[in-house]
Amino acid sequence: MPTNPPKSEGRPEGDRIAKLLARAGVASRREVERMIGDGRISLNGKVLDTPATILTSLRGVTVDGKPVSAPDPTQLFAFYKPTGLITAERDPGGRATIYDALRNALPADTPRLMPIGRLDLNTEGLLLLTNDGGLKRLMELPASGVPRTYRARAFGEVSQEQLESLSEGVEIDGVRYGSIDANLERSGGGASRNQWIEVTITEGKNREVRRVLEYLGLKVNRLIRTAYGPFLLGDLPRGGAARIRKGDLDRFVSTLKRDRRAK
């Protein structure tokens, strides 16, 4: 029995232009759709007005008047995002972005990179970046089950038993959060009621760690992502970046694809 259904008759060969441009590292699929809406992408000199365009290659495609180059080999970088930076290419409000810091942290010949997932303004730690839109999408999908680990410093009282109850998942204000692995590390000591808690999630919903700990009566005052899949923050300095070795990246991608096929 075939594992993939046959293509529908009459369906053109190829992929949507957003997928091809994401794979080439131009931007994420969603950002490409916005760029098409802004009239920034053309095909053979004609401005495109729909992301439903199907192509077999990027020949004749230009972005802001410049031809799209063939995709570079997939690269992955680890970046220690400081607090106070937003995970975006630009901000209408003029706030500093991760790209402001990356200009000084990456070699001059680094291809354009896209963040894998996001860290909010007040969250620091490991942010992975890649030039491959396909890898970005694969690592972000909740169905891929890639774990993200955080260390949270939170004010208030909580027991290990309460934290372990999160393994069953929880619903907060109508939003369902899946299984969460949370463990109490230590308290701040003295008169402080700060607790250090290690939290591992696989869905990565918006502000998930903060909302779940607030649900338990805690107030998070520092949040650090320490791992994304097998990639660790380690001793990377704040604001620093390092390229993930090709062998480590290739092993992870092969494992990730194998695990998805097994599901």
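Just so it is clear, the structure is predicted and the values come from calculations on it, not from any experiment. (Residues numbered from 1 in each chain as written. Predicted model: local features only at pLDDT ≥ 70, side-chain atom pairs only at ≥ 80, totals over all residues. Heavy atoms only, no water.)

## What about the pairing of strand S7 (residues 76-81)?
Note the following rule: Relative accessible area decides the class of each residue, using a 1.4 Å probe on protein chains only: under 20% of the type maximum gives buried, over 50% gives exposed, and in between gives partly exposed. Secondary structure elements follow DSSP: runs of H or I of four or more residues count as helices, runs of E of two or more count as strands, with numbering from the N terminus. At least two DSSP bridges between two strands are required for those strands to pair.
In terms of burial, S7 is largely enclosed, as six of its six residues are buried. Side-chain alternation along S7 places Leu76, Ala78 and Tyr80 on one buried face and Phe77, Phe79 and Lys81 on a second face that is also buried. Judged from the six bridges that link them, S7 and strand S9 (residues 124-130) form a sheet pairing that is antiparallel. Its bridge partner being in S9, Tyr80 is matched across the sheet by Leu126. As judged from the three bridges shared by S7 and strand S17 (residues 241-243), these two strands associate in the antiparallel manner. Along S17, the bridge assignment pairs Ala78 with Ala242.

## Things to note about the nonpolar core
Threshold: Think of a nonpolar core as a cluster: buried Ala, Val, Leu, Ile, Met, Phe, Trp, Tyr and Cys residues, connected wherever their side-chain atoms sit within 4.5 Å. By the convention used here, residues are in contact when the closest approach between their heavy atoms is within 4.5 Å.
The biggest cluster of nonpolar side chains holds 33 residues, and the ones touching the most others in it are Ile98, Ile197, Val199 and Leu213. Looking at this core, the element that brings in the most residues is helix H3 (residues 98-105), giving four residues. Apart from the residues lying within four places of it in its own chain, the contact partners of Ile197 are Tyr150, Arg151, Ala152, Val158, Leu163, Ala182, Asn183, Leu184, Glu185, Leu213 and Leu218. With 21 residues, the next largest nonpolar core counts Tyr80, Leu128, Tyr228 and Phe252 among its residues.

## So, the sheet that holds strand S6 (residues 66-67)
Sheet architecture is open: four strands sit in the order S3-S2-S5-S6, paired in antiparallel fashion. Lying at the two open borders of the sheet, with one neighbouring strand each, are strand S3 (46-47) and S6. By the bridge criterion, three bridges tie strand S2 (residues 41-43) to strand S5 (residues 61-63) in an arrangement that is antiparallel. Counted as the bridge partner of Ile41 is Val63 from S5.

## Here we look at the pattern of salt bridges
Note the cut-off: Salt bridge criterion: a side-chain nitrogen from Lys or Arg within 4 Å of a carboxyl oxygen from Asp or Glu.
All told, the structure shown has 18 salt bridges when counted by the stated rule. In this structure, Arg34 engages Glu31 in a salt bridge whose closest nitrogen and oxygen atoms are separated by 2.8 Å. One end of the pair, Arg34, and the other, Glu31, are both in helix H2 (residues 29-37), three residues apart, so they sit about a helical turn from each other. Owing to a relative accessible area of 43%, Arg34 belongs among the partly exposed residues under this scheme. Between Arg90 and Glu89 there is a salt bridge, with its nearest N and O atoms 3.8 Å apart. Through salt bridges that share partners, Glu89, Arg90 and Arg112 make up one connected network.

## A word on the packing of aromatic side chains
Think of a pair of aromatic rings as described by two things: how far the centres are apart, and how the planes are tilted against each other in angle. Selection criterion: What counts as a ring pair is set by centres within 6.5 Å for rings of Phe, Tyr and Trp (its six-membered ring), and what kind of pair is set by the plane angle: stacked under 30 degrees, edge-to-face over 60, tilted for all other angles. The rule for a charge over a ring is simple: NZ of Lys or CZ of Arg within 6 Å of the ring centre, and within 35 degrees of the ring normal.
In this structure the tally under the stated criterion is one aromatic pair. Ring plane angle 75 degrees and centroid distance 5.2 Å describe the contact between Phe231 and Phe252, whose orientation is recorded as edge-to-face. Linking Phe231 in strand S16 (residues 231-232) with Phe252 in helix H7 (residues 246-262), this pair joins segments that are 21 residues apart in sequence. Under the relative-accessibility criterion, Phe252 is labelled buried at 11%. Stacked on the ring of Phe155, the Lys or Arg Arg193 has its end atom at 4.9 Å from the ring centre. In this arrangement the basic side chain of Lys205 is found over the ring face of Tyr177, its NZ or CZ atom lying 5.5 Å from the centre.

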